[in-house]
Amino acid sequence: TIDRLADLEKVQVLGHGNGGTVYKVCNKRTSAVYALKVIKSDCDNIVRRQIFREMEILRRTDSPYVVKCHGIFEKPSGDIAIALEYMDAGTLDTVLNINGTFSEMLISNIARQVLNGLNYLHSHKIVHRDIKPSNLLVNQKMEVKIADFGVSKIMCRTLDPCDSYVGTCAYMSPERFDPDTYGANYNGYAGDIWSLGLTLLELFMGHFPFSPPGQKVDWATLMCAICFGDTPSLPENASPEFTDFINCCLQKDSIKRWTVLQLLSHPFVSGDPKS
Ligand code: ATP
Ligand code: MG
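Only a predicted model underlies this, so the values are computations on that prediction, with no experimental measurement involved.

Cut-off values and rules
- Residues numbered from 1 in each chain as written.
- Chains lettered and ligands numbered in written order.
- Predicted model: local features only at pLDDT ≥ 70, side-chain atom pairs only at ≥ 80, totals over all residues.
- Helix = DSSP H or I, 4+ residues; strand = E, 2+ residues; numbered from the N terminus.
- Rg over C-alpha atoms; globule rule 2.2 N^0.38 Å.
- Buried ≥ 20, exposed ≤ 12 C-beta atoms within 10 Å, placed from the backbone.
- Contact = placed C-beta atoms within 7 Å.
- Expected span 1.5 Å × (residues − 1).
- Arc of directions from axis to C-beta.
- UniProt positions renumbered as here; feature names shortened; annotations may be inferred.
- Pairing = 2+ DSSP bridges.
- Near = placed C-beta within 6 Å.
- Nonpolar A, V, L, I, M, F, W, Y, C, P; charged D, E, K, R; others polar.
- Core = buried A, V, L, I, M, F, W, Y, C linked by C-beta atoms within 7 Å.
- Axes fitted to C-alpha atoms, helices over the stretch in contact; angles between N-to-C directions.
- Parallel < 35°, antiparallel > 145°, perpendicular 65-115°, else oblique.
- Left-handed = near helix turned anticlockwise from the far one by under 90°.

Visitor: Any chance you could break down the overall build of the protein chain for me, citing the residues and the numbers?
Guide: Within the protein chain one finds 10 helices and nine strands. Against the compact-globule benchmark of 19 Å for 275 residues, the protein chain has a radius of gyration of 19 Å, which places it among compact chains. Out of the 275 residues belonging to the protein chain, those deemed buried represent 38%. Contacts in the protein chain between residues at least 24 apart in sequence constitute 64% of all its contacts with a sequence separation of at least 6.

Visitor: Which residues make up helix H1 (residues 45–60), and what are the values?
Guide: Structural remark: α-helix, 3.6 residues per turn; residues separated by three or four positions point the same way. Given a rise of 1.5 Å per residue, 16 residues ought to cover 22 Å, and the 23 Å separating the end C-alpha atoms of H1 matches this to within 8%. For H1, the set of buried residues is Gln50, Ile51, Glu54, Ile57 and Leu58. Down the axis of H1, the smallest arc covering the buried residues is 130 degrees, so these residues share one side. More than 90 degrees from the buried face of H1, the exposed residues found are Asn45, Arg49 and Arg59.

Visitor: I'd like a description of the UniProt feature "binding site: ATP" (unreviewed entry) in the protein chain, backed by residues and values.
Guide: Within this structure's numbering, the places UniProt gives as "binding site: ATP" (unreviewed entry) are Lys37. Here lysine 37 is to be found in strand E3 (residues 33–39). What makes lysine 37 buried here is the crowd of 25 C-beta atoms within 10 Å.

Visitor: Which residues make up the pairing of strand E1 (residues 8–17), and what are the values?
Guide: The pairing of E1 with strand E2 (residues 20–27) spans eight bridges and is antiparallel. Each bridged residue has a counterpart across the sheet, and for leucine 8 the counterpart in E2 is asparagine 27.

Visitor: Which residues make up the site of ligand 1, and what are the values?
Guide: Surveying the vicinity of ligand 1 reveals 21 residues, the closest of which are Gly15, Gly17, Val22, Ala35 and Met87. Top contributing element to the shell around ligand 1 by residue count: E1, with three residues. Of the residues that constitute the shell around ligand 1, the class distribution is nine nonpolar, nine polar and three charged.

Visitor: Could you give an account of the pairing of strand E5 (residues 80–85), with specific residues and numbers?
Guide: Alignment of E3 against E5, held across six bridges, turns out to be antiparallel. When the sheet's bridge partners are listed, valine 38 is paired in E5 with alanine 81.

Visitor: Explain the nonpolar core residue by residue, including any values.
Guide: The biggest cluster of nonpolar side chains holds 59 residues, and the ones touching the most others in it are Tyr34, Ala111, Val114, Leu136 and Ile246. The greatest single-element share of this core, amounting to nine residues, is contributed by helix H6 (residues 189–205). Filtering out sequence-adjacent residues up to four positions away, leucine 136 remains in contact with Thr91, Leu92, Val114, Val144, Ile146 and Ala147.

Visitor: So, the packing of helix H3 (residues 104–123) against H6: which residues are in play, and what are the values?
Guide: A pair of packed helices is captured by two measures, namely the crossing angle of their axes and the spacing between those axes. Axis separation between H3 and H6 bottoms out at 11 Å; the angle between their running directions is 165 degrees. Taken as axis vectors, H3 and H6 run roughly antiparallel relative to one another. Remark: the crossing between H3 and H6 carries right-handed chirality. The segment H3 lies against H6, with Ile107, Ile110, Ala111, Val114, Leu118 and His122 engaging Tyr189, Asp192, Leu196, Leu200, Leu203 and Phe204. Class assignment of the residues belonging to the contact of H3 with H6 gives a composition of 10 nonpolar, one polar and one charged.

Quick look at the structure:
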């Protein structure tokens, strides 16, 4: 454990999120390494709300598939620092940019771990709402962990429609835009499955499935594509198991979309890890 924030020595900057900076730090006493997320006290209210939500969820979760929190500190200045388990390969997004597209075998392995993480979260009534490559952390052992709970939601009653418009729009499911058409008794959990499907597709194809390689499309075009366009699917060279798995995740109608538990027994992920 970390006794004092002062024991942590900054090693380098790992990345910038909205509102905060993440540093690689080392505990001078134990030499343990952590990722320290620091949020300035003068950040705006939206960022503040997000960081309290994230702290609340990190405090509640304990799973090998969810990034661990080793301490939360408030400095006299009002800055907040969260010590997280350090993931030495960064995010799936950075790995994709450095190493290029992933093999099906790797994607199956990633899918299984993220599903285990989502199973943990969903069974604790937590909807992540921002699953995407840059929010999935990896280490050299190819362990994958879900991170970044800034817009997550702890479900108590039914969904509050006023607060459904959060997360990275690009990975948002059709029922988030149009609950009348795609979300009969919409509860939010299915949205994480849609985002997982898009994420895995992106790892295989090397670009965001709704826009051509190297191109950014505007927000309105994207929303139309998600709600009214054809669902993206895998190229011909993908295996039938993988193709079917993606189709189960990317059902536009949230009722037809598979749940975490159904997907965990899908042949694409349920078999023995192929070596
Ligand atoms: P974004 O809005 O892009 O999702 P954010 O505000 O949510 O950013 P984080 O995702 O928490 O901020 O962190 C920003 C970056 O810091 C990440 O993209 C990642 O590169 C790095 N990072 C965060 N947590 C860790 C960790 N536990 N181990 C290693 N690197 C990390
Ligand atoms: Mg992030």
